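Residue-level listing of the chains:
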Amino acid sequence: MQVSVRDNNVDQALRALKKKMQREGIYREMKLRRFYEKPSERRAREHATAIRRARKLERKRAERDGSL
């Protein structure tokens, strides 16, 4: 990942870098990798997030179809 520094403005470049890292999900991955996670726990977590994502998508779809 690369950010260019313009006019010796390091603060602005740092903000841009943090925003890029947030967008890429690096902070979330660092938090997950801080401690060891058993493979069974990882599967359960990923399964739960997939269910949450599917339910949210279904809610949005129902809201969109119901409002038309």
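Residues numbered from 1 in each chain as written. Predicted model: local features only at pLDDT ≥ 70, side-chain atom pairs only at ≥ 80, totals over all residues. Heavy atoms only, no water.

Some thoughts on the overall build of the chain
Here is step 1 of the chain: Scanning the chain from N- to C-terminus turns up three helices and zero strands.
Here is step 2 of the chain: Relative to the globule expectation of 11 Å for 68 residues, the C-alpha radius of gyration of the chain, 19 Å, shows a markedly less compact shape.
Here is step 3 of the chain: Counting the 68 residues in the chain, one finds 4% classified as buried.
Here is step 4 of the chain: Put simply, the chain shows about 6900 Å² of open surface, and 50% of that area lies on carbon and sulfur atoms.
Here is step 5 of the chain: Distance from the positive charge centre (22 side chains) to the negative charge centre (10 side chains) of the chain: 2 Å. (Helix = DSSP H or I, 4+ residues; strand = E, 2+ residues; numbered from the N terminus. Rg over C-alpha atoms; globule rule 2.2 N^0.38 Å. Buried < 20%, exposed > 50% of the residue type's maximum accessible area, 1.4 Å probe, protein only. Areas by Shrake-Rupley, 256 points an atom, 1.4 Å probe, with all protein chains shown as cover. Lys, Arg positive; Asp, Glu negative; His and termini not counted. Charge placed at Lys NZ, Arg CZ, Asp CG, Glu CD.)

Observations regarding the confidence of the model for the chain
Here is step 1 of the chain: On average, residues of the chain score 93 in pLDDT, and 97% of them are at 70 or above.
Here is step 2 of the chain: Within the chain, helix H2 (residues 26-33) has the poorest average pLDDT of any element, 93, and helix H1 (residues 10-24) the best, 95. (pLDDT = per-residue confidence, 0-100.)

A short note on unusual backbone geometry
Here is step 1 of the chain: Phi at Asp7 is positive, roughly 55°, even though this residue is not glycine.
Here is step 2 of the chain: By relative accessible area, which is 79% here, Asp7 ends up exposed.
Here is step 3 of the chain: One non-glycine residue, Asn8, lies in the positive phi region at around 55°.
Here is step 4 of the chain: Within the secondary structure, Asn8 sits in the segment before H1.
Here is step 5 of the chain: Its relative accessible area of 74% is what places Asn8 among the exposed residues.

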